[in-house]
Amino acid sequence: MTPEEVSALAVKGESEVLEFKQTTKTRREAARTICAMLNQRGGRILFGVTPKGKIAGQQTADRAFEELSAEIREIDPPAFPSVERVPVADDRAVIVVTVSPGPSKLYQYRGKAYRRIGNTTTAMQAEEFNRVVLERHHGEQRWENQPAPGWSIKDLHQSEVRLTVEEAIRRGRLADPGTRATPELLLGLGLIKDGVLHRAAVALFGKGERIMREMPQCLLRVARFRGTDKTEFLDNRQFHGNAFTLFNAAQRFLQETLPIAGRIEKDRPERIDEPLYPPLATREAIANAICHRDYAIGGGSIGIAVFDDRLEIASFGKLPFGLTPTDLFGPHESQPWNPLIARVFYLRGIIEEWGRGTLKMAEQAAAAGLPPLEIDDDGGCVTVRFRANRMGGEPTAVPPSTARIRDTAVRLDEGQRRILGLLQASSEPLALREIHARLDPPPDERRLRRDLTELKRLGVVESSGHGRGARWKPL
């Protein structure tokens, strides 16, 4: 490092990644900061610079280096930051210690772990220490990448595996592997190793009855309450199954349960009827709950609660990697707790952009005229909350078995409502095979064709293309 580079750093002032020490006599304080930087983003410590950024330098006898090195050796596991001497005067120099982020384990200095908060070094509290230890091991050992003993490929919905790969190829997110053999596809998705399925493969594609017995946390709880508290149920159900089964069940429940909100816009005489909460935002919230929840909690689940004044989508676990609800409303790095599961959802087109899920939800809620989106990280649960906007009047509730079509209430049967709900929840038009694969249980294909034809006749959906290549979307 050159004297000019030292001057440029001194001008910046102290921060999370930069600290000034007037002399190496403060080497114990500096060692705590080195420990903290190892535990976070790395950084630099400049000896011979005052707290206000004045470059004073210090005499750099060999003993000063030895004493500083001795303190650094008190850090466990061993760390090896670079230490260099940068002359700034005839007999004086600045000692620059450069620290890279620690590669694996949590670092401690004299038996304590430290972290940086702004330009301050503080000792970690027990709860934070335990969280960081868990997160440090997370890349190598986590629930989703552990073996699923006794499970084999025949216990999976192999058609869903193929559909995932085909959809990823269509979206340009995956190169065609040249095979549709399930073992090779699972290997490419990172869901099998040495012929043994990962738990993520089961959570994503496992068949329902066995999941219910052996992975009870693959559970969705849904409820509709009367009023604004949990005193009285109007509906209360549970669904067990793989991630796609739960994702589709959650969307069907919202389609059947949420009221339609009517509003009048200036210069438009007709009333505009739309779902009370934007479907793309609720879809994103459900996907996030599935991808980011902590599956290691055996009694965990995903919960959807509909009240008169709000919708809450909750998942067991806490925000990982030190994230806070406030962080989620600004640009942030995507760090899914279950990256294997999240990647499959991305390839499938359910997650569109990394790190923008909460931003998109907030934007869509604002565009719909709703109060600001809320996210809570409390009591071992992360909850996304949409609040209704009562400023424009009460929403008009539509019975679950009724769809509004061109200002006329037309009663649809259960199968037609399921198809319509699936299409409305999808961000893109779907082919017949995709609709068939995503409905659970899958309907008879002839019946599905008849229902799509009837929905098109009623003016609810439209299609583009011909034959099996046709793609369907709601109007």
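An account of the accompanying structure is given in this report. These numbers come from a predicted model, not from an experiment.

## Examining the overall build of the protein
In terms of helices and strands, the protein carries 16 helices and 23 strands. Within the span of the protein, comprising 475 residues, buried residues form 47% of the whole. If you take every contact in the protein between residues at least 6 apart in sequence, the share linking residues at least 24 apart comes to 66%. A total accessible area of about 23,400 Å² is found for the protein, and carbon and sulfur atoms account for 50% of it.

## Considerations on the pairing of strand S5 (residues 93–99)
Looking along a regular strand, one sees the side chains alternate between the two faces of the sheet. Counting buried positions over the seven residues of S5 gives six, a clear majority of the element. In this sheet, S5 lies alongside strand S4 (residues 82–87) in antiparallel orientation, the contact comprising six bridges. Looking at S5, one finds that Glu84 is bridged to Val96. If you look at the hairpin formed by S4 and S5, you'll find five residues sitting between the two strands.

## As for empty space enclosed by the protein
Throughout the structure, instances matching the rule amount to three cavities of 30 Å³ or more. In this structure, the second largest cavity encloses a volume near 90 Å³. If you go around the second largest cavity, the residues you meet are Glu160, Phe244, Phe247, Asn248, Gln251, Arg283, Arg348, Ile350, Leu422, Ala425, Ser426 and Arg438. Among the elements that take part in the lining of the second largest cavity, helix H9 (residues 243–257) stands out by supplying four residues, more than any other.

## A few points about the nonpolar core
With 70 residues, the main nonpolar core has Leu191, Leu204, Leu220, Ile304, Phe345 and Phe386 as its most contacted residues. Here Leu191 is in contact with Leu186, Val196, Leu197, His198, Ala200, Ala201, Leu204, Phe205, Leu340 and Val344, once residues within four sequence places are set aside.

## Here's the deal with the packing of aromatic side chains
Applying the stated criterion across every chain yields a total of seven aromatic pairs. Pairing Tyr277 with Phe386 gives two aromatic rings, centres 6.2 Å apart and planes at 50°, and the pair type is tilted. Here Tyr277, found in the loop between strand S14 (272–275) and helix H10 (279–292), pairs with Phe386, found in strand S18 (residues 381–387); they are 109 residues apart in sequence, far enough to count as distant. The exposure classification of Tyr277 matches that of Phe386, with both residues buried. Counting every residue linked through ring pairs, the aromatic cluster contains Phe205, Phe244, Phe247 and Phe345. The residue whose ring lies beneath Arg210 is Trp151, and the NZ or CZ to ring-centre distance is 4.2 Å.

## Brief notes about H9
An ideal rise of 1.5 Å per residue puts 21 Å on 15 residues; H9 measures up with 21 Å between its terminal C-alpha atoms. Within H9, 14 of the 15 residues are buried, leaving the element largely enclosed by the surrounding structure.

## Comments concerning the sheet that holds strand S17 (residues 374–378)
A sheet is described by the order of its strands in space; here six strands give the open sequence S12-S11-S15-S16-S18-S17, paired in mixed fashion. Unpaired on one side and paired on the other, strand S12 (233–240) and S17 mark the two borders of the sheet. Ignoring which end each strand starts from, the neighbouring axes of this sheet average 15° apart. In the sheet, strand S15 (residues 302–306) pairs with strand S16 (residues 310–316) via five bridges, with the strands oriented antiparallel. Each residue of the ladder has a partner; that of Ala305, found in S16, is Glu312. Lying over the sheet, H9 contacts strand S11 (219–225), S12, S15 and S16, oriented at roughly 10° with respect to S11. Each of S15, S16 and S18 is contacted by H10, which is oriented at about 20° to S16, the strand it contacts most.

## Comments concerning the pattern of salt bridges
Applying the stated criterion to the full structure yields 35 salt bridges. Across the salt bridge formed by Glu19 and Arg116, the nearest N and O atoms sit 2.5 Å from each other. Of this pair, Glu19 sits in strand S1 (residues 18–21) while Arg116 sits in strand S7 (residues 114–117); the two residues are 97 residues apart in sequence, bridging distant segments of the chain. Overall, Glu19 belongs to the buried group, its relative accessible area being 6%. Judged by relative accessible area, Arg116 falls into the buried class, the value being 1%. Residue Glu160 pairs with Arg348 through a salt bridge whose shortest N-O separation is 2.7 Å. You can see Glu160 sitting in helix H5 (residues 158–170) and its partner Arg348 sitting in helix H12 (residues 339–348), a full 188 residues away along the chain. A single network of salt bridges, built from pairs that share partners, joins Asp309, Arg310, Glu312, Glu374, Asp376, Arg385 and Arg387.

## Things to note about the sheet that holds S1
Read across the sheet, four strands follow the order S1-S2-S5-S4 without closing on themselves; strand pairing throughout is mixed. Only two strands of the sheet have a single partner each, and these edge strands are S1 and S4. Across the sheet, the mean angle separating the axes of adjacent strands is 20° when strand polarity is ignored. Sitting on the sheet, helix H2 (residues 27–39) is in contact with S1, strand S2 (43–47) and S5, with an inclination near 165° to S2.

## Observations regarding unusual backbone geometry
For the bond running from Asp76 to Pro77, omega is 0°, close enough to zero to count as cis. Of note, Asp194 is a non-glycine position whose phi angle comes to about 55°, a positive value. Of note, Asp194 is situated in the loop between strand S9 (192–193) and strand S10 (196–197). Judged by relative accessible area, Asp194 falls into the exposed class, the value being 75%.

## Notes on the pairing of S15
Here S15 lies mainly inside the structure; four of its five residues are buried. Pairing of S11 with S15 involves five bridges; the strand directions are parallel. Across the sheet, Arg224 pairs through a bridge with Val306, a residue of S15. Connecting S15 to the antiparallel partner S16 that follows it, the hairpin turn spans three residues.

Cut-off values and rules
- Residues numbered from 1 in each chain as written.
- Predicted model: local features only at pLDDT ≥ 70, side-chain atom pairs only at ≥ 80, totals over all residues.
- Heavy atoms only, no water.
- Helix = DSSP H or I, 4+ residues; strand = E, 2+ residues; numbered from the N terminus.
- Buried < 20%, exposed > 50% of the residue type's maximum accessible area, 1.4 Å probe, protein only.
- Contact = heavy atoms within 4.5 Å.
- Areas by Shrake-Rupley, 256 points an atom, 1.4 Å probe, with all protein chains shown as cover.
- Pairing = 2+ DSSP bridges.
- 1 Å grid on protein atoms, 1.4 Å probe; cavity = no way out; pocket = protein on both sides within 12 Å on 5 of 7 lines; lining within 4 Å.
- Points joined across faces, edges and corners; volume = space filled by probe spheres on them.
- Core = buried A, V, L, I, M, F, W, Y, C linked by side-chain atoms within 4.5 Å.
- Phe/Tyr/Trp six-rings, centres within 6.5 Å; stacked < 30°, edge-to-face > 60°.
- Lys NZ or Arg CZ within 6 Å of the ring centre and 35° of its normal.
- Expected span 1.5 Å × (residues − 1).
- Axes fitted to C-alpha atoms, helices over the stretch in contact; angles between N-to-C directions.
- Salt bridge = Lys/Arg side-chain N within 4 Å of Asp/Glu carboxyl O.

Interpretation in functional terms is not warranted from these geometric data alone.
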